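# Residue-level structural notes
Now for the letters of each chain:
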Amino acid sequence: MTITVSHLVKSFSPGARVVDDVSFAIQPGEMFFLLGPSGCGKTTVLRMLAGFIRPDGGDILFDQRRLNDVPPQHRNTAMVFQNYAVWPHLSVYDNIAYGPRTRKLNADSVHRRVTEALRIVRLENLGPRKPAELSGGQQQRVALARALAVEPDLILLDEPLSNLDARLRLELRGELQRIHRETKTTCLYVTHDQEEALSLADRIAVMNRGKIEQIGPPAEIYERPANEFTARFMGEINIIEPDSSLARQLNVPPGKKVAFRPEAAELAGDGIDIVVQRTVYLGSKVELLVKTSSNQELKLWSREMPAPGEPVRFHVPRARLIFL
Ligand code: ATP
(Lines give C-alpha, C1' and ligand atoms only; values in the text may rest on other atoms or scores of the structure.)
Protein backbone atom coordinates (compact mmCIF):
# COMPACT_ATOMS: atom_id res chain seq x y z
CA MET A 1 0.00 0.00 0.00
CA THR A 2 1.28 3.46 -0.87
CA ILE A 3 0.83 6.04 1.90
CA THR A 4 0.53 9.56 0.55
CA VAL A 5 0.62 12.70 2.63
CA SER A 6 -0.26 15.72 0.58
CA HIS A 7 0.03 19.38 1.65
CA LEU A 8 -0.67 18.52 5.27
CA VAL A 9 -1.20 21.51 7.58
CA LYS A 10 -1.79 21.68 11.34
CA SER A 11 -1.88 24.55 13.85
CA PHE A 12 -2.65 24.30 17.54
CA SER A 13 -2.91 28.06 17.89
CA PRO A 14 -3.86 30.65 15.27
CA GLY A 15 -1.07 31.65 12.95
CA ALA A 16 1.45 29.11 14.25
CA ARG A 17 1.69 26.18 11.88
CA VAL A 18 3.30 23.21 13.58
CA VAL A 19 3.00 21.25 10.34
CA ASP A 20 3.27 23.53 7.34
CA ASP A 21 2.52 22.06 3.92
CA VAL A 22 4.13 18.66 4.36
CA SER A 23 4.03 16.21 1.44
CA PHE A 24 5.64 12.81 0.93
CA ALA A 25 4.76 9.34 -0.29
CA ILE A 26 5.83 6.13 1.43
CA GLN A 27 6.21 3.23 -1.00
CA PRO A 28 4.90 -0.25 -0.17
CA GLY A 29 7.33 -2.02 2.16
CA GLU A 30 9.43 1.07 2.68
CA MET A 31 11.06 2.12 5.95
CA PHE A 32 10.51 5.87 5.77
CA PHE A 33 11.95 8.23 8.38
CA LEU A 34 10.85 11.64 9.55
CA LEU A 35 13.97 13.11 11.10
CA GLY A 36 14.28 16.48 12.76
CA PRO A 37 15.01 18.38 15.95
CA SER A 38 12.68 18.40 18.93
CA GLY A 39 9.52 20.37 18.25
CA CYS A 40 9.77 20.36 14.44
CA GLY A 41 6.37 18.72 14.09
CA LYS A 42 7.26 15.12 13.26
CA THR A 43 5.15 13.51 16.00
CA THR A 44 2.22 15.66 14.93
CA VAL A 45 2.51 14.25 11.39
CA LEU A 46 2.66 10.73 12.80
CA ARG A 47 -0.39 11.34 14.98
CA MET A 48 -2.33 12.66 12.01
CA LEU A 49 -1.48 9.46 10.12
CA ALA A 50 -2.67 7.42 13.11
CA GLY A 51 -5.88 9.45 13.25
CA PHE A 52 -5.39 10.96 16.72
CA ILE A 53 -5.16 14.49 15.32
CA ARG A 54 -7.28 15.91 12.54
CA PRO A 55 -5.38 17.88 9.87
CA ASP A 56 -6.44 21.49 9.22
CA GLY A 57 -5.60 21.03 5.57
CA GLY A 58 -4.20 18.55 3.09
CA ASP A 59 -4.86 14.88 2.53
CA ILE A 60 -3.86 11.51 3.90
CA LEU A 61 -4.28 8.70 1.38
CA PHE A 62 -3.80 4.96 1.80
CA ASP A 63 -3.56 4.02 -1.86
CA GLN A 64 -6.50 5.99 -3.31
CA ARG A 65 -8.56 6.03 -0.10
CA ARG A 66 -8.76 9.36 1.72
CA LEU A 67 -8.45 8.81 5.45
CA ASN A 68 -8.68 12.36 6.87
CA ASP A 69 -12.00 11.69 8.58
CA VAL A 70 -11.55 8.01 9.39
CA PRO A 71 -11.16 7.34 13.14
CA PRO A 72 -7.98 5.58 14.37
CA GLN A 73 -9.62 2.21 14.97
CA HIS A 74 -10.79 2.09 11.37
CA ARG A 75 -7.34 2.76 9.92
CA ASN A 76 -5.24 -0.35 9.62
CA THR A 77 -2.24 1.14 11.41
CA ALA A 78 -0.27 0.10 14.49
CA MET A 79 1.94 2.16 16.75
CA VAL A 80 5.15 1.55 18.65
CA PHE A 81 6.01 4.20 21.23
CA GLN A 82 9.11 5.20 23.12
CA ASN A 83 7.67 4.03 26.43
CA TYR A 84 6.66 0.54 25.23
CA ALA A 85 2.98 1.02 26.18
CA VAL A 86 2.40 -2.67 26.78
CA TRP A 87 -0.36 -3.50 29.24
CA PRO A 88 1.19 -4.51 32.55
CA HIS A 89 -1.71 -6.70 33.70
CA LEU A 90 -1.74 -8.84 30.53
CA SER A 91 0.70 -11.60 29.67
CA VAL A 92 2.98 -11.12 26.69
CA TYR A 93 0.75 -13.49 24.73
CA ASP A 94 -2.44 -11.58 25.56
CA ASN A 95 -0.79 -8.25 24.84
CA ILE A 96 -0.02 -9.46 21.33
CA ALA A 97 -3.38 -11.23 20.92
CA TYR A 98 -5.32 -8.08 21.84
CA GLY A 99 -5.24 -6.50 18.38
CA PRO A 100 -6.19 -9.62 16.40
CA ARG A 101 -8.98 -10.37 18.93
CA THR A 102 -10.50 -6.90 18.61
CA ARG A 103 -10.49 -7.50 14.87
CA LYS A 104 -12.75 -10.46 15.47
CA LEU A 105 -10.41 -13.12 14.14
CA ASN A 106 -11.19 -16.68 15.21
CA ALA A 107 -9.09 -18.32 17.95
CA ASP A 108 -6.96 -20.31 15.51
CA SER A 109 -6.04 -17.25 13.47
CA VAL A 110 -5.29 -15.27 16.62
CA HIS A 111 -3.03 -18.04 17.87
CA ARG A 112 -1.27 -18.29 14.52
CA ARG A 113 -0.64 -14.55 14.41
CA VAL A 114 0.64 -14.36 17.99
CA THR A 115 2.94 -17.33 17.50
CA GLU A 116 4.29 -15.88 14.28
CA ALA A 117 4.81 -12.42 15.83
CA LEU A 118 6.61 -13.96 18.83
CA ARG A 119 8.83 -15.91 16.43
CA ILE A 120 9.68 -12.82 14.41
CA VAL A 121 10.76 -10.84 17.48
CA ARG A 122 12.47 -13.91 18.98
CA LEU A 123 10.45 -14.16 22.17
CA GLU A 124 9.01 -17.62 21.43
CA ASN A 125 9.19 -18.82 25.01
CA LEU A 126 8.06 -15.70 26.83
CA GLY A 127 4.35 -15.73 25.99
CA PRO A 128 3.18 -16.50 29.53
CA ARG A 129 5.30 -13.81 31.21
CA LYS A 130 4.03 -10.47 32.45
CA PRO A 131 5.75 -7.34 31.04
CA ALA A 132 7.23 -6.52 34.47
CA GLU A 133 9.23 -9.74 34.19
CA LEU A 134 10.90 -8.54 30.99
CA SER A 135 13.81 -6.21 30.28
CA GLY A 136 13.20 -2.90 28.50
CA GLY A 137 14.50 -4.36 25.26
CA GLN A 138 12.19 -7.36 25.57
CA GLN A 139 9.21 -5.12 26.33
CA GLN A 140 9.93 -3.16 23.20
CA ARG A 141 10.01 -6.42 21.24
CA VAL A 142 6.56 -7.18 22.67
CA ALA A 143 5.36 -3.77 21.50
CA LEU A 144 6.73 -4.56 18.06
CA ALA A 145 5.15 -8.02 18.02
CA ARG A 146 1.85 -6.45 19.03
CA ALA A 147 2.08 -4.09 16.08
CA LEU A 148 3.02 -6.86 13.64
CA ALA A 149 0.21 -9.16 14.82
CA VAL A 150 -2.51 -6.89 13.44
CA GLU A 151 -0.84 -7.10 10.00
CA PRO A 152 -1.16 -3.34 9.58
CA ASP A 153 -0.91 -1.40 6.35
CA LEU A 154 1.47 0.93 8.17
CA ILE A 155 3.46 0.75 11.41
CA LEU A 156 4.07 4.10 13.07
CA LEU A 157 7.17 4.13 15.25
CA ASP A 158 7.67 7.13 17.53
CA GLU A 159 11.23 7.21 18.92
CA PRO A 160 10.96 3.49 19.68
CA LEU A 161 14.55 3.11 20.91
CA SER A 162 14.91 6.29 22.97
CA ASN A 163 14.23 4.67 26.34
CA LEU A 164 16.87 1.99 25.94
CA ASP A 165 20.47 2.22 27.06
CA ALA A 166 23.14 2.58 24.39
CA ARG A 167 23.95 -1.13 24.07
CA LEU A 168 20.32 -2.27 23.87
CA ARG A 169 19.54 0.52 21.47
CA LEU A 170 22.15 -0.81 19.06
CA GLU A 171 20.98 -4.36 19.50
CA LEU A 172 17.34 -3.51 18.86
CA ARG A 173 18.27 -1.31 15.93
CA GLY A 174 19.78 -4.39 14.28
CA GLU A 175 16.68 -6.36 15.17
CA LEU A 176 14.39 -3.73 13.66
CA GLN A 177 16.37 -3.95 10.44
CA ARG A 178 16.14 -7.75 10.37
CA ILE A 179 12.41 -7.71 11.17
CA HIS A 180 11.69 -5.11 8.54
CA ARG A 181 13.59 -7.10 5.93
CA GLU A 182 11.67 -10.21 6.89
CA THR A 183 8.18 -8.73 7.08
CA LYS A 184 8.47 -5.90 4.55
CA THR A 185 5.87 -3.95 6.51
CA THR A 186 5.54 -0.32 5.47
CA CYS A 187 6.88 1.84 8.32
CA LEU A 188 6.96 5.50 9.25
CA TYR A 189 9.66 6.02 11.86
CA VAL A 190 9.98 9.31 13.73
CA THR A 191 13.22 10.26 15.46
CA HIS A 192 15.71 13.04 16.15
CA ASP A 193 18.58 10.53 16.06
CA GLN A 194 20.55 10.91 12.84
CA GLU A 195 22.46 7.68 13.28
CA GLU A 196 19.27 5.69 13.69
CA ALA A 197 17.86 7.24 10.54
CA LEU A 198 21.05 6.76 8.51
CA SER A 199 21.41 3.14 9.53
CA LEU A 200 17.80 2.00 9.17
CA ALA A 201 16.00 4.14 6.61
CA ASP A 202 15.24 3.40 3.01
CA ARG A 203 14.56 7.12 2.72
CA ILE A 204 14.67 10.03 5.13
CA ALA A 205 12.59 13.20 5.17
CA VAL A 206 14.45 15.89 7.13
CA MET A 207 12.01 18.19 8.92
CA ASN A 208 12.56 21.65 10.33
CA ARG A 209 9.98 24.03 11.78
CA GLY A 210 7.01 22.20 10.32
CA LYS A 211 8.45 21.89 6.83
CA ILE A 212 10.34 19.21 4.96
CA GLU A 213 13.83 20.34 3.97
CA GLN A 214 14.86 17.33 1.91
CA ILE A 215 13.81 13.77 1.12
CA GLY A 216 16.23 11.12 -0.04
CA PRO A 217 18.12 7.92 0.74
CA PRO A 218 20.53 8.13 3.70
CA ALA A 219 23.74 8.49 1.68
CA GLU A 220 22.26 11.29 -0.38
CA ILE A 221 21.02 13.17 2.68
CA TYR A 222 24.40 12.84 4.38
CA GLU A 223 26.71 13.36 1.42
CA ARG A 224 24.58 15.70 -0.70
CA PRO A 225 22.55 17.80 1.74
CA ALA A 226 20.44 20.27 -0.19
CA ASN A 227 20.90 23.12 2.25
CA GLU A 228 22.72 24.31 5.33
CA PHE A 229 20.11 23.08 7.79
CA THR A 230 20.30 19.50 6.55
CA ALA A 231 24.08 19.66 6.26
CA ARG A 232 24.44 20.74 9.89
CA PHE A 233 21.72 18.49 11.25
CA MET A 234 23.13 15.30 9.72
CA GLY A 235 26.56 15.56 11.33
CA GLU A 236 29.69 17.60 11.88
CA ILE A 237 30.42 19.95 9.04
CA ASN A 238 32.77 22.79 8.11
CA ILE A 239 31.00 25.54 6.22
CA ILE A 240 33.14 27.85 4.12
CA GLU A 241 32.00 31.39 3.45
CA PRO A 242 31.77 32.30 -0.24
CA ASP A 243 34.78 34.18 -1.62
CA SER A 244 36.80 33.74 1.61
CA SER A 245 40.48 33.01 1.21
CA LEU A 246 39.83 29.39 2.19
CA ALA A 247 37.14 29.19 -0.51
CA ARG A 248 39.71 30.39 -3.03
CA GLN A 249 42.29 27.90 -1.78
CA LEU A 250 39.71 25.15 -2.26
CA ASN A 251 39.09 26.43 -5.82
CA VAL A 252 35.47 27.21 -5.09
CA PRO A 253 33.90 29.31 -7.87
CA PRO A 254 33.10 32.91 -6.83
CA GLY A 255 29.86 33.39 -4.93
CA LYS A 256 29.45 29.67 -4.14
CA LYS A 257 29.11 28.33 -0.62
CA VAL A 258 30.68 24.96 0.05
CA ALA A 259 31.07 22.70 3.05
CA PHE A 260 32.92 19.52 3.88
CA ARG A 261 32.63 16.93 6.60
CA PRO A 262 35.56 16.34 8.98
CA GLU A 263 36.23 12.90 7.49
CA ALA A 264 36.56 14.34 3.97
CA ALA A 265 39.77 16.22 4.85
CA GLU A 266 43.12 14.53 4.24
CA LEU A 267 46.38 15.67 5.75
CA ALA A 268 48.72 16.07 2.78
CA GLY A 269 52.16 17.56 2.14
CA ASP A 270 50.95 19.83 -0.67
CA GLY A 271 47.69 21.09 0.78
CA ILE A 272 46.36 24.18 2.52
CA ASP A 273 48.37 25.46 5.50
CA ILE A 274 46.74 25.05 8.90
CA VAL A 275 47.88 25.07 12.50
CA VAL A 276 46.64 22.47 14.96
CA GLN A 277 44.95 24.07 17.97
CA ARG A 278 43.74 21.06 19.86
CA THR A 279 43.48 17.30 19.37
CA VAL A 280 40.94 14.92 20.85
CA TYR A 281 41.71 11.20 20.79
CA LEU A 282 38.49 9.30 20.05
CA GLY A 283 39.78 5.77 19.58
CA SER A 284 38.78 5.11 15.99
CA LYS A 285 39.94 8.57 14.95
CA VAL A 286 41.58 11.76 16.16
CA GLU A 287 39.61 14.98 16.04
CA LEU A 288 41.78 17.94 15.07
CA LEU A 289 40.65 21.47 15.77
CA VAL A 290 42.69 23.62 13.44
CA LYS A 291 42.97 27.20 12.22
CA THR A 292 43.73 28.36 8.70
CA SER A 293 46.08 31.25 7.97
CA SER A 294 42.96 33.43 7.61
CA ASN A 295 41.88 32.36 11.10
CA GLN A 296 38.98 30.15 10.10
CA GLU A 297 38.46 27.32 12.56
CA LEU A 298 37.90 23.85 11.14
CA LYS A 299 37.29 20.40 12.49
CA LEU A 300 39.10 17.54 10.76
CA TRP A 301 39.28 13.83 11.52
CA SER A 302 42.54 12.06 11.07
CA ARG A 303 44.40 8.90 12.03
CA GLU A 304 47.46 10.95 12.86
CA MET A 305 47.92 12.94 16.03
CA PRO A 306 49.99 16.06 15.34
CA ALA A 307 50.92 18.12 18.37
CA PRO A 308 49.04 21.35 19.15
CA GLY A 309 50.87 24.28 17.57
CA GLU A 310 52.23 22.12 14.77
CA PRO A 311 51.76 23.46 11.22
CA VAL A 312 50.30 20.84 8.87
CA ARG A 313 48.55 20.84 5.51
CA PHE A 314 45.31 19.37 4.30
CA HIS A 315 43.21 19.06 1.21
CA VAL A 316 39.69 17.99 0.39
CA PRO A 317 39.06 15.86 -2.71
CA ARG A 318 36.85 17.81 -5.09
CA ALA A 319 34.15 15.14 -5.04
CA ARG A 320 33.79 15.52 -1.30
CA LEU A 321 33.03 19.22 -1.35
CA ILE A 322 29.36 19.83 -0.67
CA PHE A 323 27.89 22.73 -2.64
CA LEU A 324 25.14 24.44 -0.67
P1 ATP B 1 9.79 15.86 19.83
O2 ATP B 1 10.92 15.14 19.18
O3 ATP B 1 10.23 16.73 20.96
O4 ATP B 1 8.62 14.98 20.17
P5 ATP B 1 8.39 16.72 17.46
O6 ATP B 1 9.18 17.12 16.29
O7 ATP B 1 7.79 15.38 17.43
O8 ATP B 1 9.26 16.91 18.76
P9 ATP B 1 5.72 17.69 17.88
O10 ATP B 1 5.46 16.80 19.05
O11 ATP B 1 5.05 17.36 16.61
O12 ATP B 1 7.28 17.82 17.63
O13 ATP B 1 5.36 19.18 18.31
C14 ATP B 1 5.53 20.28 17.46
C15 ATP B 1 5.07 21.53 18.17
O16 ATP B 1 3.66 21.47 18.40
C17 ATP B 1 5.70 21.74 19.54
O18 ATP B 1 5.96 23.10 19.68
C19 ATP B 1 4.61 21.28 20.49
O20 ATP B 1 4.72 21.96 21.71
C21 ATP B 1 3.35 21.63 19.76
N22 ATP B 1 2.23 20.72 20.08
C23 ATP B 1 2.20 19.39 19.87
N24 ATP B 1 1.02 18.85 20.24
C25 ATP B 1 0.27 19.89 20.71
C26 ATP B 1 -1.05 19.99 21.25
N27 ATP B 1 -1.86 18.93 21.37
N28 ATP B 1 -1.46 21.21 21.64
C29 ATP B 1 -0.69 22.30 21.52
N30 ATP B 1 0.56 22.28 21.01
C31 ATP B 1 1.05 21.07 20.61
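This structure is a prediction, so every number in the text was calculated from the model and none was measured.

About the cut-offs
- Residues numbered from 1 in each chain as written.
- Predicted model: local features only at pLDDT ≥ 70, side-chain atom pairs only at ≥ 80, totals over all residues.
- Heavy atoms only, no water.
- Helix = DSSP H or I, 4+ residues; strand = E, 2+ residues; numbered from the N terminus.
- Buried < 20%, exposed > 50% of the residue type's maximum accessible area, 1.4 Å probe, protein only.
- Contact = heavy atoms within 4.5 Å.
- Areas by Shrake-Rupley, 256 points an atom, 1.4 Å probe, with all protein chains shown as cover.
- Lys, Arg positive; Asp, Glu negative; His and termini not counted.
- Charge placed at Lys NZ, Arg CZ, Asp CG, Glu CD.
- Domains from an automatic or database assignment.
- Near = heavy atom within 4 Å.
- Polar contact = N/O pair within 3.5 Å; in protein donor to acceptor, adjacent residues only side chain to side chain.
- Nonpolar A, V, L, I, M, F, W, Y, C, P; charged D, E, K, R; others polar.
- Pairing = 2+ DSSP bridges.
- Axes fitted to C-alpha atoms, helices over the stretch in contact; angles between N-to-C directions.
- Expected span 1.5 Å × (residues − 1).
- Arc of directions from axis to C-beta.

### Quick look at the overall build of the protein chain
- Check the secondary structure of the protein chain and you find nine helices and 17 strands.
- The principal-axis extents of the C-alpha atoms in the protein chain amount to approximately 75 × 45 × 30 Å.
- Sorting the 324 residues of the protein chain into buried and exposed places 48% on the buried side.
- Pairs at least 24 apart in sequence give 65% of the contacts found in the protein chain among residues at least 6 apart.
- With the model as given, the accessible surface of the protein chain reaches about 15400 Å², and the carbon-plus-sulfur share is 49%.
- When the 42 basic and 39 acidic side-chain charges of the protein chain are each reduced to a single mean position, those positions are 3 Å apart.

### Remarks on the domain arrangement of the protein chain
- Domain parsing of the protein chain yields domain 1 (3-224) and domain 2 (238-323).
- The C-alpha centroid of domain 2 is placed 40 Å from the C-alpha centroid of domain 1.

### A look at the environment of Pro 225
- For Pro 225, the location among the structural elements is in the loop between α7 (218-223) and α8 (228-233).
- For the pair Pro 225 and Leu 8, spaced 217 residues apart in sequence, the C-alpha to C-alpha distance is 23 Å.

### Considering the site of the ligand
- Close to the ligand lie Phe 12, Val 18, Pro 37, Ser 38, Gly 39, Cys 40, Gly 41, Lys 42, Thr 43, Thr 44 and Glu 159.
- Here an oxygen atom of the ligand sits 2.6 Å away from a polar atom, N or O, in the side chain of Ser 38.
- Residue Lys 42 places a side-chain N or O atom 2.7 Å away from an oxygen atom belonging to the ligand.
- In the complex, the protein chains occlude 54% of the 630 Å² of accessible area that the ligand would expose alone.
- By residue number, the principal contributor to the shell around the ligand is helix α1 (residues 42-50), which donates three residues.
- Each residue belonging to the shell around the ligand can be placed in one class, and the counts come to four nonpolar, five polar and two charged.

### Some points on the sheet that holds strand β10 (residues 211-216)
- Ordered by their spatial adjacency, six strands build an open sheet running β6-β7-β8-β3-β9-β10, and the pairing between neighbours is mixed. Each of the sheet's edge strands pairs with one partner strand only, and the pair in question is β6 (77-80) and β10. Ignoring which end each strand starts from, the neighbouring axes of this sheet average 20 degrees apart.
- Pairing of strand β7 (residues 154-158) with strand β8 (residues 187-191), which is carried by four bridges, proceeds in the parallel orientation. Pairing of Asp 158 across the sheet is with Val 190, part of β8.
- Together, β3 (31-35), β6, β7, β8 and β9 (203-208) form the strand contacts of α1, whose direction differs from that of β7 by roughly 150 degrees.

### Quick notes on helix α5 (residues 166-183)
- Taking 1.5 Å per residue, 18 residues should reach 26 Å; α5 reaches 26 Å between its end C-alpha atoms and fits that length.
- Within the sequence span of α5, burial applies to Leu 168, Leu 172, Arg 173, Glu 175, Leu 176, Ile 179 and His 180.
- With a side-chain oxygen positioned 3.1 Å from the backbone nitrogen of Arg 167, the residue opening α5 is Asp 165.
- One or two positions beyond α5, positive phi appears at Lys 184, with a value near 55 degrees.

### Structural notes on helix α3 (residues 107-120)
- Here α3 is 14 residues long and its end C-alpha atoms lie 20 Å apart, about the 20 Å a rise of 1.5 Å per residue gives.
- Residues Ser 109, Val 110, Val 114, Ala 117, Leu 118 and Ile 120 constitute the buried set of α3. The buried residues of α3 occupy an angular sector of 160 degrees when projected down its axis, which confines them to one face. Those residues of α3 that are exposed and aimed more than 90 degrees away from the buried face are Asp 108 and Arg 112.
- Where α3 is buried, its residues touch α2 (92-102), α4 (136-149) and α5.

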